[in-house]
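Now for the letters of each chain:
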Amino acid sequence: MKELVTLKTAEQVATMRRAGKVVAEMLARTTAAVRPGITTGELDRIAAQVLKERGATSSFLGYYGFPATICTSVNDEIVHGIPGRRRLKEGDIIGIDAGAIVGGWHADAAATVPVGRVSDDALRLIRVTEEALRRGITAAKAGGRLGDIGAAVQSFAERNGFSVVRNYVGHGIGRAMHEPPQVPNFGTAGVGRPIGAGLCIAIEPMLNSGGKETRLLDDGWTVVTADGSLSAHFEHTVAVTDAGPVVLTAAEPARGAARSAAAGELAAAPARRGEAVAAGSRRRK
Ligand code: MG
């Protein structure tokens, strides 16, 4: 069945921004707690506490049976690691992925941070992945094509010697966490679906220090690098406006275009439907 890409109105985007602020706080408080000796389950409880305080709910808990509030992916784990008894140790890196629902609208973001002192290589992987996300966001312009985003991420990642995961991609987001279109972190500029104002997408580069191949663990969730190399993951939920991309999951105070969005000055986005594309999802189809 084909699903349609929906473009969001300014009012809908404003609600997603409320969800995005909660996600930003979940990431701020969990990453601030990361240190050698803490368990991933403790980080999950911190994230759940933020949701409780803000009257929001988790996008992840119960999603296809996912058992936790956030995903915690350590070292060679790329995405979808399940929080639990694992105790972080000095030199690890951990990706934390959080999603929140406010008023029926979702926001989704992720960040990777070091645990104590880490190797220069691990730190460089983290920094390059974050910069790749920034470049992908900058490429999300009305009048452009989805391939512009993937090309921006891929070219920067590969120029820095890292590989881009192909089996998992970013996605449209709105009333559901995963909506069409799929947003690959690789591709060719100038090709793919047109990007229009009102498009809301989660851009989420996953970069590996080794090969791009992935493997799914027996828990049915955790995705790891096939060669055991390190992986980093950054993600933001972004709304495309006529004034440029707005990061809905930015921590306050938002800067630049994001500030005008926070102040309710979003360019009006028409509530029309785009072309039919294949359904977006966490697993690339
Ligand atoms: Mg996502």
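What counts, and at which threshold
- Residues numbered from 1 in each chain as written.
- Predicted model: local features only at pLDDT ≥ 70, side-chain atom pairs only at ≥ 80, totals over all residues.
- Helix = DSSP H or I, 4+ residues; strand = E, 2+ residues; numbered from the N terminus.
- Expected span 1.5 Å × (residues − 1).
- Buried ≥ 20, exposed ≤ 12 C-beta atoms within 10 Å, placed from the backbone.
- Arc of directions from axis to C-beta.
- Contact = placed C-beta atoms within 7 Å.
- Core = buried A, V, L, I, M, F, W, Y, C linked by C-beta atoms within 7 Å.
- Axes fitted to C-alpha atoms, helices over the stretch in contact; angles between N-to-C directions.
- Parallel < 35°, antiparallel > 145°, perpendicular 65-115°, else oblique.
- Left-handed = near helix turned anticlockwise from the far one by under 90°.
- Nonpolar A, V, L, I, M, F, W, Y, C, P; charged D, E, K, R; others polar.
- Pairing = 2+ DSSP bridges.
- pLDDT = per-residue confidence, 0-100.

## A look at helix α2 (residues 40-54)
With 15 residues, α2 ought to run about 21 Å at 1.5 Å a step, and its terminal C-alpha atoms sit 22 Å apart, in line with that. Those residues of α2 lying buried are Thr40, Leu43, Asp44, Ala47, Val50 and Leu51. For α2, the buried positions fall inside an angular range of 115° around the axis, keeping them on one side. What points out from α2, more than 90 degrees from its buried face, is the exposed set Lys52 and Glu53. Its buried side turned inward, α2 meets α1 (10-33), β2 (57-58), β3 (70-74) and β5 (93-102). Among the residues trailing α2, Gly55 stands out with phi positive, at a value near 65°.

## Section: the environment of Thr69
Among the structural elements, Thr69 can be located in the loop between β2 and β3. Given 25 C-beta atoms within a 10 Å radius, Thr69 is considered buried. Separated by 21 residues in the primary sequence, Thr69 and Ala48 place their C-alpha atoms 6.1 Å from one another. The residues touching Thr69, leaving out its near neighbours within four places in the chain, are Asp44, Ala47, Ala48, Leu51, Ser58, Phe60 and Leu61.

## Remarks on the nonpolar core
By size, the foremost hydrophobic cluster in this structure holds 84 residues, and its most contacted members are Val23, Ala100 and Val238. For this core, the leading source of residues is α1, giving eight residues. In contact with Val23, other than residues within four places in its own chain, are Ala98, Gly99, Ala100, Ala107, Asp108, Ala109 and Thr249.

## Let's talk about the packing of helix α3 (residues 120-138) against helix α4 (residues 146-159)
The contact between α3 and α4 brings their axes to 8 Å, and the two run at 155°. Compared by their axis directions, α3 and α4 come out roughly antiparallel. Seen along the crossing, α3 lies across α4 with a hand that is right-handed. Across from Val128, Glu131, Ala132, Arg135, Gly136 and Thr138 in α3, the residues of α4 making contact are Ile149, Ala152, Val153, Phe156 and Ala157. Among the residues making up the contact of α3 with α4, the classes are represented as seven nonpolar, two polar and two charged.

## Focus on the sheet that holds strand β14 (residues 231-233)
Here three strands make up an open sheet; going across it, the order is β7-β11-β14 and the pairing antiparallel. The sheet is open, and its two borders are formed by β7 (163-164) and β14, each paired with just one other strand.

## Brief notes about the sheet that holds strand β9 (residues 179-183)
Hydrogen bonds along the backbone pair up the strands of a sheet, which may run parallel or antiparallel. One open sheet accounts for five strands, arranged β9-β8-β10-β15-β16; its pairing is antiparallel. Two strands close off the open sheet at either side, each with one partner strand: β9 and β16 (244-247). Looking at each pair of strands side by side, their axes are set apart by 30° on average, direction ignored. In this structure, strand β8 (residues 170-172) lies alongside strand β10 (residues 200-203), joined through two bridges in antiparallel fashion. Pairing of His171 across the sheet is with Ala202, part of β10. Strands in contact with α1 are β10 and β15 (236-241); relative to β15, the strand with the most contacts, it is inclined by about 160°.

## So, the pairing of β5
A large share of β5 lies buried, amounting to nine of its ten residues. Of the strand pairs in this sheet, β2 and β5 are connected by two bridges, and their pairing is antiparallel. When the bridges of β5 are listed, Thr57 appears paired with Ile101. What sits between β5 and strand β6 (residues 105-114) in their antiparallel hairpin is a turn of two residues, with Gly103 showing a positive phi close to 60°.

## Focus: the pairing of β6
Taking burial as the measure, the ten residues of β6 include eight buried ones, the bulk of the element. Of the pairings in the sheet, the one linking β5 to β6 comprises ten bridges and is antiparallel in character. Counterpart to Ile101 in the pairing with β6 is His106.

## Here's the deal with the confidence of the model for the protein
In the predicted model, the protein carries a mean pLDDT of 90, and 87% of its residues have values of at least 70. Counting interchain partners and residues more than four positions distant, the pLDDT-below-50 stretch residues 256-282 has 71 contacts.

## Topic: the packing of α1 against α2
Remark: α1 packs on α2, axes separated minimally by 9 Å, with the N-to-C direction vectors making an angle of 145°. Once α1 is placed against α2, the crossing between them reads as right-handed. Along the contact surface, α1 presents Val22, Glu25, Met26, Arg29, Thr30 and Ala33, while α2 presents Leu43, Ile46, Ala47, Val50, Leu51 and Arg54. The residue inventory of the contact of α1 with α2, partitioned by class, reads eight nonpolar, one polar and three charged.

## Observations regarding α3
An α-helical segment advances 3.6 residues per turn. Residues three or four places apart therefore align on the same side. Across its 19 residues, α3 extends 27 Å between first and last C-alpha, which sits within 8% of the 27 Å expected from 1.5 Å per residue. Of all the residues in α3, the buried ones are Ala122, Leu125, Ile126, Val128, Thr129, Ala132, Leu133, Gly136 and Ile137.

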